[in-house]
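# Reading the structure
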Amino acid sequence: MTQTKTLIEIPDFLTVRELAQLMDASPIDVIKELMRNGIMANINQEIDFDTAAIVAEEMGFEIHSTATVEEEDAEEDFDKPAWRQVLADEKEKDLVSRPPVITMLGHVDHGKTSLLDIIRSSSVQTGEVGGITQHIGAYQVKYNGQIITFLDTPGHEAFTAMRARGAQATDIAILVVAADDGVMPQTKEAIDHAKAARVPIIVALNKIDLPTANPARAMQQLSEHGLIPDEWEGDTMIIQVSAKENLGMDDLLEAILLVAEDLNPCANPQAEASGTVLEARKEKGRGIMTTVLVQNGTLNQGDTLLVGKYYGRIKAMFDYTGKAVKKAAPSTPVSVAGLNGIPQAGDQFTTAKSEKEARKLVANLEADKRPGETIADKAVTLDDFFAQLQEGNSKTLNLVIKADVQGSLEPIINSLENLTNDEVAVEIMHAATGNITESDVMLASASNAVILGFNVEPGVIARAAANSEGVEINSYNIIYKLIEDVDKALKGLLDPVYADVVTGRAEVRQVFRIRNVGQIAGCYMRAGEARRNAKARVIRDAQLVYEGDVTSLKHLQENVREVKTGFEFGVNVGSFNNYQAGDIIEFYVSQRVDR
Ligand code: GDP
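Here we take up the overall build of the protein. Within the protein, the secondary structure is distributed over 16 helices and 33 strands. Relative to the globule expectation of 25 Å for 595 residues, the C-alpha radius of gyration of the protein, 28 Å, shows essentially globular dimensions. Considering only C-alpha atoms, the protein reaches an extent of 95 × 65 × 55 Å along its principal axes. Every one of the 595 residues in the protein was classed for burial, and the buried ones make up 50%. For the protein, long-range pairs separated by at least 24 residues make up 72% of all intrachain contacts whose partners lie at least 6 apart in sequence. Of the roughly 28300 Å² of accessible surface on the protein, 48% is carried by carbon and sulfur atoms. Distance from the positive charge centre (58 side chains) to the negative charge centre (88 side chains) of the protein: 10 Å.

Moving on, we get to the nonpolar core. Within the largest apolar cluster, 30 residues are counted, with the highest numbers of intra-cluster contacts made by L115, I119, F150, I174, I202 and I256. Those elements giving two or more residues to this core turn out to be β6 (101-106), α6 (112-125), β7 (138-143), β8 (146-151), β9 (172-178), β10 (201-206) and α10 (249-263). Contact partners of I119, with chain neighbours within four places excluded, come to M104, Y139, V141, F150, M249, L252 and L253. The next biggest cluster of nonpolar side chains, apart from the first, holds 28 residues, and it includes I10, A20, L34 and I43.

So, on to the pairing of strand β24 (residues 449-454). Most of β24 sits out of view: six of its six residues are buried. Residue alternation in β24 divides its side chains into two sets, A449, I451 and G453 and V450, L452 and F454, and both sets are buried. For strand β22 (residues 396-403) and β24, the ladder comprises six bridges, and the chain directions are parallel. Paired with N398 across the two strands is A449, which belongs to β24. After leaving β24, the chain enters helix α15 (residues 460-469) and then returns to the sheet as strand β25 (residues 473-476), a path that is right-handed.

Reading across from one edge, β7-β8-β6-β9-β10-β11 is the order of the six strands in this open sheet, with mixed pairing throughout. Edge positions in the sheet fall to β7 and β11 (238-240), since each of these pairs with one other strand and no more. Recorded for the sheet is a direction-independent mean angle of 30 degrees between the axes of neighbouring strands. Strand direction decides the pairing type here: β10 and β11, joined by three bridges, are parallel. Counted as the bridge partner of V203 is I238 from β11.

Turning our eyes to something else, we now look at the environment of Q45. On the secondary structure map, Q45 appears in the loop between α2 (27-36) and β3 (46-48). It is 26 Å that separates the C-alpha atoms of Q45 and D485, two residues lying 440 residues apart in sequence.

This paragraph deals with the confidence of the model for the protein. In this model, the protein carries a mean pLDDT of 87, and residues with pLDDT of at least 70 account for 90%. Within the protein, β10 carries the highest mean pLDDT (98), whereas helix α4 (residues 71-79) carries the lowest (43). In the model, residues 68-78 has pLDDT below 50 throughout and makes 11 contacts with residues more than four positions away in sequence or in other chains. Here residues 124-131 is a poorly scored stretch, pLDDT under 50, and it has 10 contacts once near neighbours within four places are set aside; other chains count.

What counts, and at which threshold
- Residues numbered from 1 in each chain as written.
- Predicted model: local features only at pLDDT ≥ 70, side-chain atom pairs only at ≥ 80, totals over all residues.
- Heavy atoms only, no water.
- Helix = DSSP H or I, 4+ residues; strand = E, 2+ residues; numbered from the N terminus.
- Rg over C-alpha atoms; globule rule 2.2 N^0.38 Å.
- Buried < 20%, exposed > 50% of the residue type's maximum accessible area, 1.4 Å probe, protein only.
- Contact = heavy atoms within 4.5 Å.
- Areas by Shrake-Rupley, 256 points an atom, 1.4 Å probe, with all protein chains shown as cover.
- Lys, Arg positive; Asp, Glu negative; His and termini not counted.
- Charge placed at Lys NZ, Arg CZ, Asp CG, Glu CD.
- Core = buried A, V, L, I, M, F, W, Y, C linked by side-chain atoms within 4.5 Å.
- Pairing = 2+ DSSP bridges.
- Right-handed = clockwise from strand over helix to strand, strands pointing away.
- Axes fitted to C-alpha atoms, helices over the stretch in contact; angles between N-to-C directions.
- pLDDT = per-residue confidence, 0-100.

The structure is reproduced here in structure tokens:
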């Protein structure tokens, strides 16, 4: 009997999740197959056709290329919560309800930590969960017989940083708003971050014990930001609470259960365990302790945990009360001992059959990685949006807008929104006044967005984050130029911007004269590298004396393509014939850069 292979059509680019869906396979298996091929990718990462084809072939499929993706399907998936998408391969009958996972967001000092503390301690007092709680990054409470999981690191920074790493652990966001202060800048930021993650929001209107509390004003402000109270015919539950006086906690927990009922978070407890690292640290006497949130499957003591390049057999496992446990079902946070390195919060974990298999997977991964190479999941840029649009990968350009004053922000938002038409849409994930921050960069990274600044610049930390996350930041000081660039990006009309990028600097140590050739500069590569196809400048006493193409590059008489730091070599730039010992030769290439 001959077995026919199933045919699947793969576009030029697709995410790991989409590939898994095409094959009706588990995204975890796809991630593992990618790892076997030396590629470290998270579920939201885009891979190209060639990579996808290798994985699909190895998983037993026949491949056809297609550049057209059915947009409606893609959009439908986009609206599904992230955990639903992870379960795409699970059969409906295997799925069972799991506790909702909650994160507290909101402006500083509005009471996130106080609320987390009061909920934790009151549930301990009622004796529903025993013992003294440990801070492991998450805890669970039982209310009306139902379990709720709370993540213990409040704030949208942590929430979005996790998402930028490909993890979406949260099902429901509690937006904490102090009733005396009302909506503050970080409240607005938190709303946008939760919306970008497509996570439902419940508002906890805190500090109602204060005489200065003004719930009506806060509700008015919230509705101006799209959170319309249910008592005003909207669909946002706004619960008045006081962490200080322990008021309204039952209402808040009840609201969580109501929203959760609607959401129906579920998972397959029979599957291989997978989920997200919440925190990890080295502890005296216990070694590396890693808190993970199980999102699918059941984690057992003795399983081999695999997190990026780290792995290890779980020697011991503890729940948030510090009690040793043997099993952890979906939505359960547990702290485990046994990993051979410290992973980062937001890293995703899977399990391997044995430490041996894990070692092999990790070795493959390491072997194929070139030194210094990081596979950054590059976000969209204005330059390449149109190409993505044509490939059918995206028809929405996501933007984060920062401006110096409200007066410029409004016309920018209005003009950008007007650019949306039937074919393409502009979606503004977040718009606010103030400098471009790390939190903006993480939002852009998590939401595949470009950051546009008007009269504002990123700080040092934000700039570094943008580099490592592959997020494009474009700054403008003329509004129409900003609008024009976005308009052109939507139409694929942007001219690329090139700039000279220095690749290395060498010092001339000796000058050789070769008959019929002329002078050759004998150099020492002080930093970076020299490339045969680069351009170079000869610099003497900080003055430019000559500039031209590299015409010859030799190492030990041999022609070479490049020379790295610390090596000696001979070079000729253009037809220059007047090198002197001590000259600096600066090598540069012309490269496409952010505008
Ligand atoms: P976070 O920065 O959002 O985590 O806020 P915290 O939980 O640290 O609270 C900030 C301050 O507000 C602390 O001094 C708390 O004691 C106080 N606080 C928190 N909740 C309430 C409340 O319901 N009423 C009053 N009056 N004060 C509160």
